[in-house]
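Now for the letters of each chain:
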Amino acid sequence: MPDVQKKKLNTGAILALIILGAIILISFLKISIWIKLAIDALLILTFIFVRRGYILLSIGAMNFKKGNLDKAFSSLEKALKAGLDPERRNMVGSAYIQQGDAARGVQILEGVKADPKAGEHANVATVTCSMGYWRLGEKDKAISSLEELRATGYKNDNLSINLETYLLEMGEMKKAKDLITENRKEGTENNGLLDNRGWYYILSGNWKKAKEVFDELIDERNAKFPEAYLHGAQVSVHDGDISQAIDRLGWGVSKKFSSTCMSTKEYFDKLLLGLENPATREAFAKAMDEHHKEVSLSIDFPGLEDATDFDHSAAGALQPSEKPSYIERQNAASTAQKTDSPDLLSGSYDDQDINTDVEDDDRIPNTDLDESDVVLAKMYGDVYEAEDLVTLDTSLSDDDDEREPNTDLDETDR
């Protein structure tokens, strides 16, 4: 079952209650109504002044939603100068890393990590800061910072997703496999973790297992991040289902891309051009499959240059179809070939199959939400903790699907 978060009053709520109590008390005093109004106005202005940083944060969040990044970051800088708690500084640092200046984001988050009053938020800052290190090319630092934090016993979905992603991108297959297996034992996989496991299967050549993962992630869970659709399209190309690959890439283009995404909309568009064009389709699909590692990392590969604009009305041209709201997936247990030994790939990684022999619980993964819609409410005294609200997106590749993940295991997972 989902963890129940204890509710407690935050600083804004306490201050709001004090101001409200004072206003009520003043209303009973036998003084001029004008004096009462003047005192009430003074109290309200005092509250606004004390909480001005959070008001500016709310303005910045609203500008983010409108796409006015310059105004958004201007407001966020003013909010930082006015004073924000460690939790909100984490939000601002994340926003810079994902949509703006990664170096500035790292600077803000390192300040949170060094703040003796940050408490648990220092750990969150470490996880988010690792994305900044990664964007700045300090990959070893990104990995070591998360490994050190994990060694302290700190557990967090975003830490797991980020560290797995970094290891896979660096080609640290053995370490990635061990981490994926360990995370899988600790609880139900959220979508980001599931994508990483499928990506591992692609890199290690276990296409059968990769297909199971991405059929579920795309067709059942309806993942909200583009990387899942890129990796899923690779599986389709390998299986020779080009039409499905085009569909998946087309669906992925509609997802949210940020600076911390491993891919870009432009890369998706290139792949689509190569596969949609009947003149280049066969050779392009072959090149994608032969260079599956490069494609999974969204980097150029020999043959990508053949993806050029063409006459989309030409005979044999394909285009993505609309994604169904739900696609019932065949039960893998009824279609998979059962063997007494794991499905291994000869050669390197002689134990490629990820251990998934675990007891799944029925909890919904605790994933990042978006606080921009409700930060104003909390600012004026909402009694809920931050875990219940939405923030600027702070995860690398996780999403917040509202359905409970499929935790049924079959013989191929054992």
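For clarity, every value in this text was computed on a predicted model and none was experimentally measured.

What follows concerns the environment of Glu87. With respect to the element layout, Glu87 can be found in helix α5 (residues 86-99). Taking relative accessible area as the criterion, Glu87 reaches 14% and is therefore assigned buried. Along the backbone, Glu87 and Val112 are 25 residues apart, and their C-alpha atoms lie at a distance of 8.6 Å.

Checked against the element boundaries, Glu186 lands in helix α10 (residues 173-186). We classify Glu186 as partly exposed; its relative accessible area is 44%. Placed 31 residues apart in sequence, Glu186 and Lys155 show a C-alpha to C-alpha distance of 9.7 Å. Dropping the residues within four chain positions of it, Glu186 is found in contact with Arg150 and Lys155. Engagement of the side chain of Glu186 in a polar contact is seen with the side chain of Lys155, the distance being 3.1 Å.

What follows concerns the pattern of salt bridges. Oppositely charged side chains can form a pair if their charged atoms are brought close together. Taken as a whole and judged by the stated rule, the model has 21 salt bridges. A salt bridge links Asp115 to Arg89, with the nearest nitrogen and oxygen atoms 3.2 Å apart. On the criterion of sequence distance, the pair formed by Asp115 in the loop between α6 (102-113) and α7 (121-135) and Arg89 in helix α5 is long-range, its members being 26 residues apart. The exposure classification of Asp115 matches that of Arg89, with both residues buried. The salt bridge involving Asp269 is made with Lys265; its shortest N-O contact spans 3.2 Å. Residue Asp269 and its partner Lys265 are located together in helix α15 (residues 265-276), separated by four residues, close to a single helical turn. For Lys265, a relative accessible area of 38% puts it in the partly exposed group. One connected set of salt bridges, linked through shared partners, spans Arg150, Lys155, Glu182 and Glu186.

Attention now moves to the side chain of Asn190. Position of Asn190 relative to the elements: it lies in the loop between α10 and α11 (191-204). In this structure Asn190 comes out as buried when scored by relative accessible area, which is 2%. Polar contacts involving the side chain of Asn190 include one to the side chain of Asp157, which spans 3.2 Å. Within polar-contact distance, the side chain of Asn190 engages the backbone nitrogen of Gly192 at 3.2 Å.

Attention now moves to the packing of α5 against α7. Where α5 contacts α7, the axes come no closer than 10 Å and their chain directions differ by 10°. With respect to their mutual orientation, α5 and α7 come out roughly parallel. For the pair α5 and α7, the crossing hand works out as left-handed. Together, Pro86, Glu87, Asn90, Ser94, Tyr96, Ile97 and Gln98 of α5 and His121, Val124, Ala125, Thr128, Cys129, Met131, Gly132 and Arg135 of α7 make up the contact between the two elements.

For the rest of this paragraph, the subject is the confidence of the model for the chain. Per-chain confidence: the chain averages 78 in pLDDT, with 73% of residues scoring 70 or above. Low pLDDT, under 50, characterises residues 1-8; the predicted model gives this stretch 11 contacts beyond four residues in sequence or across chains. Segment residues 355-414 is flagged for pLDDT under 50; beyond a separation of four residues in sequence, or across chains, it makes 170 contacts in the model.

Attention now goes to the nonpolar core. Counting residues in each nonpolar core, the largest one holds 69 residues, and the members touching the most others are Leu249, Leu271, Leu275, Phe284, Met288 and Phe301. At seven residues, α7 tops the list of elements feeding residues into this core. Setting aside its immediate chain neighbours within four residues, Leu271 contacts Leu230, Leu249, Phe284, Met288, Val295, Phe301 and Leu304.

Thresholds applied
Residues numbered from 1 in each chain as written. Predicted model: local features only at pLDDT ≥ 70, side-chain atom pairs only at ≥ 80, totals over all residues. Heavy atoms only, no water. Helix = DSSP H or I, 4+ residues; strand = E, 2+ residues; numbered from the N terminus. Buried < 20%, exposed > 50% of the residue type's maximum accessible area, 1.4 Å probe, protein only. Contact = heavy atoms within 4.5 Å. Polar contact = N/O pair within 3.5 Å; in protein donor to acceptor, adjacent residues only side chain to side chain. Salt bridge = Lys/Arg side-chain N within 4 Å of Asp/Glu carboxyl O. Axes fitted to C-alpha atoms, helices over the stretch in contact; angles between N-to-C directions. Parallel < 35°, antiparallel > 145°, perpendicular 65-115°, else oblique. Left-handed = near helix turned anticlockwise from the far one by under 90°. pLDDT = per-residue confidence, 0-100. Core = buried A, V, L, I, M, F, W, Y, C linked by side-chain atoms within 4.5 Å.

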